[in-house]
Amino acid sequence: MSSLLLLDLDGTVREPLDGHKFIQSPRAQRIIAKAEVAIAYYDQQGWKIVGITNQAGVAAGKKSLQNCLKEQEYTLTLLPEIEEIYFCPDFEGTLCFCVTRNEVKDYSHYPQSGTFRKPGAGMLNLAIQMHQPDTTFMVGDSPEDRAAALAAGIRFQQAQSWRQNYGDATYTQNRAGE
């Protein structure tokens, strides 16, 4: 059996370093407390972990597509358990890119119904189709994340409770030893 954990990124596992609402430059990010331990727990259990993120800052002109790509690459460096990151940089939800440690794939012309941008399920459905898991679960911090999971027909958990439940090192060590 294979399991897939889909993680929203901004506000769920990472946040800006400088107090801005959004990450302004690729390295101006940090991992939210307990998220790293929660991710490690799922990694230890054999789950594939994939990031799913809207990146409207590109469409709004607040960052370039190139900087957005570098931001996702840096997140993969900070969190090596994450296998890849899908992101949608436009308001219409027609663009979708996948960043791995080795390459960037453009899925913008990939046949799918609906929008890639959350609350649409396009990025989630694409990740599910690419990985073909038996079980899929999403964690996010916004109503858009919940709606995307619902539209994709998968289980959802709010980020704060997920980090609290799985981000306790004692819990993780006890669970990993079972």
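Treat the numbers as computed from the prediction; the structure is a model and nothing was measured.

*Asks:* Report on the pattern of salt bridges, specifying residues and quantitative values.
*Replies:* Tallied over the entire structure, the rule returns seven salt bridges. Between D8 and K118 there is a salt bridge, with the nearest N and O atoms lying 2.7 Å from each other. Here the residue D8 occupies a position in strand β1 (residues 3-8), and K118 occupies one in the loop between β7 (104-106) and α4 (122-131), the gap between them amounting to 110 residues. Here D8 matches K118 in class, with each residue buried. R14 is the salt-bridge partner of D10, the closest N and O atoms lying 2.7 Å from each other. Among the charged side chains, a network of salt bridges with common partners joins D10, R14, K63 and E71.

*Asks:* How would you sum up the side chain of D8? Please name residues and give values.
*Replies:* On the basis of relative accessibility, which here comes to 5%, the residue D8 falls in the buried class. Separated by 2.7 Å, the side chains of D8 and K118 make a polar contact. Ignoring any residue separated from it by four or fewer positions in sequence, one finds D8 in contact with V13, I52, K118, M138, V139, G140, D141 and D145.

Quick notes on the rules
- Residues numbered from 1 in each chain as written.
- Predicted model: local features only at pLDDT ≥ 70, side-chain atom pairs only at ≥ 80, totals over all residues.
- Heavy atoms only, no water.
- Salt bridge = Lys/Arg side-chain N within 4 Å of Asp/Glu carboxyl O.
- Helix = DSSP H or I, 4+ residues; strand = E, 2+ residues; numbered from the N terminus.
- Buried < 20%, exposed > 50% of the residue type's maximum accessible area, 1.4 Å probe, protein only.
- Polar contact = N/O pair within 3.5 Å; in protein donor to acceptor, adjacent residues only side chain to side chain.
- Contact = heavy atoms within 4.5 Å.

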